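Notes for the structure review
Spelled out from the first residue to the last, the chains are:
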Amino acid sequence: MAKKMYIGVNGVARKIKQPYIGANNFEKVALPSGYTQVEYIRSSGTQYINSNFYPSGNAFRVVIKFKYTTSHDGLSLFGNSTSSQFAMTVYGPKPVFYVGTSSAVSCGEQTSLDKVYTLDATASNGTLTAIWNGKEYTASYSGSLRTDRPIYIFGSNNGNAIAETDSGYELYAISIYDNGSLVRDFVPCKNSSGTVGLYDLVGSKFYTNAGSGTFTAGDTQKSVAKKLKAGYIGVNGVARQFYTGGTPIREFAVGDTVK
């Protein structure tokens, strides 16, 4: 049994000390012709999205995937009020989800920079639940979701004016549910003219910057090379291991008989 692993380059076999395998780190979705998906969009603090969605005042849910890029305090990623009626803000940085007139869920775990997180938050029948980094946080609230202002993204809607804008987030995806129905399913992308924004798969509409300046867009194809811990190759329908834990254990060449 061979103890080394090689790869052919221009007819010459070269020894591999540590193999890696490439993987795309964001899920591709089908967008209409003329739109190109990007990994994320980021605001400099003057760009924001008006979702044109008004909560009904009943059950509401948001699922948002994002990454903190700076440490900051008290700025909003989305919301429609600065008076604790509906907003998701950051303190510490810790995510805090406000609803109703006085209550909030504070997710006690400190966040890390350059790590992608998913927040799944639901407000319904006086109970606010936030699932954050695999942990569930709950609180009771009074009042209801504010219904007279559309939700803004990358800030909060305060009297139909942008407030608490933030430049410390990369937004990877956001889905909004109202009374159990998906009403917005936003995908970061750019159109054929290079304009950056969010495409809503539910309403088939492209939402662009409602502020000034331009969003920063992530890569259109983000690939990451990951260290290979164990490798297998299929032979006659059977997977044979050829690499494990830094030690190649099989060597294959053209014409070999694998046992």
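Residues numbered from 1 in each chain as written. Predicted model: local features only at pLDDT ≥ 70, side-chain atom pairs only at ≥ 80, totals over all residues. Heavy atoms only, no water.

Okay, the pairing of strand S12 (residues 116-124) next. One face of the sheet, then the other: side chains in a regular strand alternate in exactly this way. Here eight bridges tie strand S7 (residues 60-68) to S12, and the two strands are oriented antiparallel to one another. Looking across to S12, one finds that Arg61 is bridged to Thr122. Of the strand pairs in this sheet, S12 and strand S13 (residues 127-132) are connected by six bridges, and their pairing is antiparallel. Directly across from Ala121, in S13, lies its bridge partner Ala130. Connecting S12 to the next strand, S13, in antiparallel fashion are two residues, including Asn125 with a positive phi near 50°. (Pairing = 2+ DSSP bridges. Helix = DSSP H or I, 4+ residues; strand = E, 2+ residues; numbered from the N terminus.)

Applying the stated criterion across every chain yields a total of three salt bridges. For Arg61, the salt bridge goes to Asp120, with nearest N and O atoms at 2.8 Å. Of this pair, Arg61 sits in strand S7 while Asp120 sits in strand S12, and the two are 59 residues apart along the sequence. In this structure Asp120 comes out as buried when scored by relative accessible area, which is 18%. Across the pair Glu170 and Lys67 runs a salt bridge whose closest N-O atoms are separated by 3.4 Å. Of this pair, Glu170 sits in strand S18 (residues 169-178) while Lys67 sits in strand S7, and the two are 103 residues apart along the sequence. No difference in accessibility class separates Glu170 from Lys67, as the two residues are buried. (Salt bridge = Lys/Arg side-chain N within 4 Å of Asp/Glu carboxyl O. Buried < 20%, exposed > 50% of the residue type's maximum accessible area, 1.4 Å probe, protein only.)

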